[in-house]
Amino acid sequence: MATPLLAYRPSFWQTFWTNAVMAPRTSLGFMRVDFVLGTIFIVPLTQMVFFAFVVQLGGGGASEIAYTAVGNAVATVTYSSVFSVCQTTDSEKQQGTMEHLLVSPANRFALYFGRGLIPILISLATVAVGLTYAALIYGVSIPLAVFPTLIVSIVLTAFAMVGFGLLLGGVALYLRTSIILGNIFLFVGLLLSGVNFPLSSLPVPLQWAGDALPLTWGLAAIRAAVAGESLGSIAVLWGAVGIAAVASFGAAVGLWKVFERRALSTGSIARF
Amino acid sequence: MATATVQYSRARSTYAALRLSVLQFLADPQWLVPSMIAPVVFALVSFELFRGAGPYFLTYAILGAGMMSMWGQTLYGSGWATGMDREFGTLEPTIQAPTPYLYVVVGRVLWNVISGLIGGGIVYVVIVIVAGGPPAVPNPVGFALLFVFVMVTLASVGVIFAAFYVYTRYAGFIQNIGEFAFYIGTGCMFPVVLLPFVTNPVSLAFPPTWGLDALRYLSIPGYQGFGWGFWGDLAGAVATTVVYLSVAGLVFQRVERHVLEEGNLSEY
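What you are looking at is a predicted structure, and each value in this text was computed from that prediction instead of being measured.

**Q** What's the story with the overall build of chain A in this structure? I'm lost.
**A** Along its length, chain A carries 13 helices and 0 strands. Along chain A, from the amino end to the carboxyl end, the secondary structure elements read α-α-α-α-α-α-α-α-α-α-α-α-α. Against the globule reference of 19 Å for 272 residues, chain A gives a C-alpha radius of gyration of 20 Å, in line with a compact fold. Projected onto its principal axes, the C-alpha positions of chain A cover 80 × 40 × 35 Å. Counting only residues that meet the buried cut, chain A has 50% of its 272 residues in that class.

And the structure:
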């Protein structure tokens, strides 16, 4: 009697690394070098300048403009972390690889986390360049002493935002297209996350909505670090960003499991 | 031996392109949403930033976001159509057809302008609801007429962009990465005179810059735009639009000839 074949199951790190290396060429294939460089060097500059002029026209002074500059420097992280990552679902469907992915025995967390590695690195670069612009153009003071807390804040924010992008990608699995979802969360942070004005200016229900976005907490942590606040107060914000990151990654993996089961039972979810 | 003569109607080609654009939109109207989200959010953010700055700043927010919506439709629509043609493999047959490609593009751009106007209307309704009332416009009839003309200026830019998109494989890059640069350069949300003087010549090369400045002169009392005032803006808008529309045919002719010689249209 023939012995049954054992299913090949790659290790966690093998899955993670393969996806980290391959994703920029496959599901993240639309992120060409020109796009990546534009996202890192052009978008933060133009978005920051645009809103700085709007603040200036509205009668805002140097402090208001600096507030907006820092906010937009960080908010541009959504292009690489949320919008791009969210689009991976569409890419899989369009390229016809979704079915293969759904029947793959690969560890899902390693798979999704691996795909997020390059977007995390691009997000780190985007925020760093954005804050450099804010310092050079709008005179935002970022002393060397705050660099350690600032770096931790930026790294945590990048992780949380990519986790949120993966979560949206999970939702997009069920939708016909992820582009609407991606566009909503690409820009809604500008309104609800305290990017251009303090969250307290908004009606209370909108403040609650803003609190549900990782960008809100990440931005608060980065602002606190730039302002040189005490480690204790920044640590509280780090905790919030960390919770947002863990919740996003966890919810993303959970959601994918649910939709995978549905996909396998109905056989129709990979279509678009 | 008699040869068959090619008969085609340019107007019919334009109408067919327009009709197809409308049908594609009706088949999947959700595509209006992505280009609407940014202008609505920017309008709300600007409204909040302008709060307390004066009664006419509501007009700034609405006008700016409405223009951004129309800009988005023009930039995206023109590039998207050519990019999709290239991806689906229909760009070569379209270019080879007896009708000049320009007349196909004009049909598409016409629909982009109309859908942009729909988007501008949605922005207006959202902001009016949030603000609790419409903005005061001193000359509503003149404003409406000028607004339609500004749409024509946008269409003229759309046609030229479409020609450029036939050449380049970087339409997506221009649309996505250059989006804010266009909003800044043409002064969508603020007067171009706020920008450094050296950038003004670039801004003035775009007809919508002139048109928008004229619109603000007409709708915002005490507005400080270009020194030449409303009539100067209007003359500039007409002149640049005429130049754009005049060169559009020439540019398309050259682009078509060149890409047919090169034979690399389907590469992307």
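**Q** In this structure, what is going on with the overall build of chain B? I would like to understand it.
**A** A count of helices and strands for chain B gives 11 helices and 0 strands. For chain B, the N- to C-terminal ordering of α and β elements is α-α-α-α-α-α-α-α-α-α-α. Burial statistics for chain B: of 268 residues in total, 45% are counted as buried. Considering only intrachain contacts with a sequence separation of at least 6, the fraction spanning at least 24 residues in chain B is 79%.

**Q** Any chance you could explain helix α5 (residues 88-95) of chain A here in plain terms?
**A** At 3.6 residues per turn, the α-helix brings residues three or four places apart onto the same side. Residues and elements named next belong to chain A. Taken together, the buried positions of α5 are occupied by Thr88, Thr89, Asp90, Glu92 and Lys93. At its buried positions, α5 is contacted by α4 (77-86), α6 (98-102), α7 (108-115), α9 (147-174) and α10 (179-192). Directly beyond the C-terminal end of α5, a positive phi value near 75° is found at glycine 96.

**Q** Looking at this structure, how should I read the interface of chain B and chain A?
**A** Interfaces are often sized by the amount of accessible area the parts lose when they come together. The interface is formed by 24 residues belonging to chain B together with 27 residues belonging to chain A. Counting only elements with at least two residues in the side of chain B that touches chain A, the list comes to α2 (32-50), α7 (171-177) and α8 (179-185) of chain B. When residues in the side of chain B that touches chain A are grouped by element, the largest group, 11 residues, is from α2(B). Of the residues contributing to the side of chain B that touches chain A, the split by class is 21 nonpolar, 2 polar and 1 charged.

**Q** Before we go on, may I ask you to explain the packing of α9(A) against helix α13 (residues 231-266) of chain A in this structure?
**A** The description of two helices packed together rests on the angle between their axes and the distance between the axes. All names here are of chain A. Two elements in contact, α9 and α13, have axes whose closest approach is 8 Å; the angle formed by their N-to-C orientations is 20°. Comparing their axes, α13 and α9 come out roughly parallel. Every pair of crossing elements has a handedness; the one defined by α9 and α13 is left-handed. For the contact of α9 with α13, the class distribution of residues is 22 nonpolar, 7 polar and no charged.

**Q** Would you take a moment to explain the nonpolar core for this structure?
**A** A:Ala221, B:Val41, B:Ala43 and B:Ala61 are the most contacted members of the largest nonpolar core, which has 150 residues in total. By residue number, the principal contributor to this core is α9(A), which donates 14 residues. Discounting residues that sit within four places of it in the chain, A:Ala221 has contacts with A:Ser153, A:Leu156, A:Thr157, A:Ile234, A:Leu237, A:Trp238 and A:Val241.

**Q** Before we go on, may I ask you to explain the environment of B:Tyr167 in this structure?
**A** Within the element layout of this structure, B:Tyr167 appears in helix α6 (residues 140-167). Expressed as a C-alpha distance, the spacing of B:Tyr167 and B:Pro221, which sit 54 residues apart in the sequence, is 44 Å.

**Q** Even after reading the chapter, I still don't get the packing of α5(A) against α9(A), so can you show me in this structure?
**A** All names here are of chain A. Close contact between α5 and α9 brings their axes to 8 Å; oriented N to C, the two are set at 40°. Considering the angle they form, α5 stands oblique to α9. Along the contact surface, α5 presents Thr88, Thr89 and Asp90, while α9 presents Gly169, Ala172 and Leu173. Its residues assigned to classes, the contact of α5 with α9 comprises 2 nonpolar, 3 polar and 1 charged.

**Q** Which parts of the structure should I look at to understand the confidence of the model for chain B?
**A** Detail in the predicted coordinates should be disregarded across regions flagged by low pLDDT. For chain B, per-residue confidence averages 81 on the pLDDT scale, and 88% of positions sit at 70 or higher. Reported for the predicted complex are a pTM of 0.86 and an ipTM of 0.84.

**Q** Please explain helix α8 (residues 117-138) of chain A as it appears in this structure.
**A** The terminal C-alpha atoms of α8(A) lie 31 Å apart, and with 22 residues this matches the ideal 32 Å at 1.5 Å per residue to within 8%. Just beyond α8(A), the residue with positive phi is A:Gly139, at close to 65°.

**Q** Looking at this model, I keep getting lost on the confidence of the model for chain A. Mind explaining?
**A** On average, residues of chain A carry a pLDDT of 86, and 93% of them reach 70 or more. Per-element averaging of pLDDT across chain A places α5(A) at the bottom with 78 and helix α12 (residues 214-226) of chain A at the top with 95.

How each quantity is defined
- Residues numbered from 1 in each chain as written.
- Chains lettered and ligands numbered in written order.
- Predicted model: local features only at pLDDT ≥ 70, side-chain atom pairs only at ≥ 80, totals over all residues.
- Helix = DSSP H or I, 4+ residues; strand = E, 2+ residues; numbered from the N terminus.
- Rg over C-alpha atoms; globule rule 2.2 N^0.38 Å.
- Buried ≥ 20, exposed ≤ 12 C-beta atoms within 10 Å, placed from the backbone.
- Contact = placed C-beta atoms within 7 Å.
- Nonpolar A, V, L, I, M, F, W, Y, C, P; charged D, E, K, R; others polar.
- Axes fitted to C-alpha atoms, helices over the stretch in contact; angles between N-to-C directions.
- Parallel < 35°, antiparallel > 145°, perpendicular 65-115°, else oblique.
- Left-handed = near helix turned anticlockwise from the far one by under 90°.
- Core = buried A, V, L, I, M, F, W, Y, C linked by C-beta atoms within 7 Å.
- pLDDT = per-residue confidence, 0-100.
- Expected span 1.5 Å × (residues − 1).

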